[in-house]
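Report on the structure
Each chain, written out:
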Amino acid sequence: MKKLLMAVIFALVAVSANAQSAAPETNGAVTATPNQAAYRINAGDDIEVYVWGEERLQRQIRVLPDGTFSFPLVGRIEAEGKLPYEIEAVVSKGLENQYRGQVPQVTVSVSTPSGLQFSVMGRVNSPGSFTPGRYVNLLEALSLAGGPSQFADLDGISIVRKTPTGLTTIRASLGGLFKRSGAAKAVSRRAIPTIQTGDTVIVP
C-alpha cells in the first residue's frame, strides 16, 4: 500500500496543473474551494515583509507563539489567522504617517509555514500529529502518517476543520487514486483538499 501511495503522489505531481483547474466531485459532500485552500498565518510561521524601495523595511520574521510580530514604524501586529494580504493592509496603514504621498507597495509572503500542524487518526499506519513545515494536501498528509492501513475506507475520509463559526467536516474520497489502472486519471479529474492548521484527518 505504501509503494502505491508514493506512486499516486508522483502521479499527482505530474498532473497538478490539471488537478488545480478541475472541478471537484462533490457527491453531496462539502469540498475544498480556493478560499478554503488559502493559507492563514499561524504562530511559528516564518514570513517575509517587503516594502518596495525601502531596504530598511525588508524583514524575515517569525510569528511569535502569541500570534503576533513587531514591525518597524508600525509596532505590534496581530497575525495569527490572517491572510497575507490582510497583513499587507495593516502594514500599509501603519506606515501612512511616514510618507507625504502614497505608501510604497507592501508584500507579505509565508516563506516557511512552520506553524502548520494537523493530526491524522484512524486506519493509517502511523497516526499522530504532524508539523511538516510546508504546505500539504490530503494525499501527502496520509503519506506522512505512513499511508492507509489494509482495511482503510478511502472513500469515507473526513477532515474536521476549525472555522470562526465552529467545526465543519469536509468529506473526501480517495479510493479511485489507489487503483493502479486509473490513478492518474482520478487525480486529474478531482481536486484534493489542502490541509490547514488544526485539521484532524479521520480515516475510517
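Structure shown above.
Conventions we followed
- Residues numbered from 1 in each chain as written.
- Predicted model: local features only at pLDDT ≥ 70, side-chain atom pairs only at ≥ 80, totals over all residues.
- Heavy atoms only, no water.
- Helix = DSSP H or I, 4+ residues; strand = E, 2+ residues; numbered from the N terminus.
- Buried < 20%, exposed > 50% of the residue type's maximum accessible area, 1.4 Å probe, protein only.
- Polar contact = N/O pair within 3.5 Å; in protein donor to acceptor, adjacent residues only side chain to side chain.
- Contact = heavy atoms within 4.5 Å.
- Salt bridge = Lys/Arg side-chain N within 4 Å of Asp/Glu carboxyl O.

Let's talk about the side chain of serine 158
With respect to the helices and strands, serine 158 occurs in strand E8 (residues 157–163). Residue serine 158 is classed as buried on the basis of its relative accessible area of 10%. A polar contact of 2.5 Å, which involves the side chain of serine 158, links it to the side chain of arginine 171. With near-sequence residues (within four places) excluded, serine 158 lies in contact with Thr169, Ile170, Arg171, Thr200, Val201 and Ile202.

Considerations on the environment of glutamate 140
Here glutamate 140 shows up in helix H5 (residues 138–144). Glutamate 140 sits 55 residues away from isoleucine 195 along the chain, and the two C-alpha atoms are 9.1 Å apart. Setting aside anything within four residues of it in sequence, one finds glutamate 140 in contact with Arg134 and Tyr135. A distance of 2.9 Å separates a polar side-chain atom of glutamate 140 from the backbone nitrogen of asparagine 137.

Let's talk about the pattern of salt bridges
In total, this model carries seven salt bridges according to the counting rule given. As a salt-bridge pair, glutamate 54 and arginine 56 come within 3.1 Å of each other at their nearest N and O atoms. The shortest N-O distance in the salt bridge between arginine 76 and aspartate 66 comes to 2.4 Å. Here the residue arginine 76 occupies a position in strand E4 (residues 75–78), and aspartate 66 occupies one in the loop between strand E2 (58–62) and strand E3 (68–71), the gap between them amounting to ten residues. Look at arginine 76 and you get exposed, because its relative accessible area is 56%.

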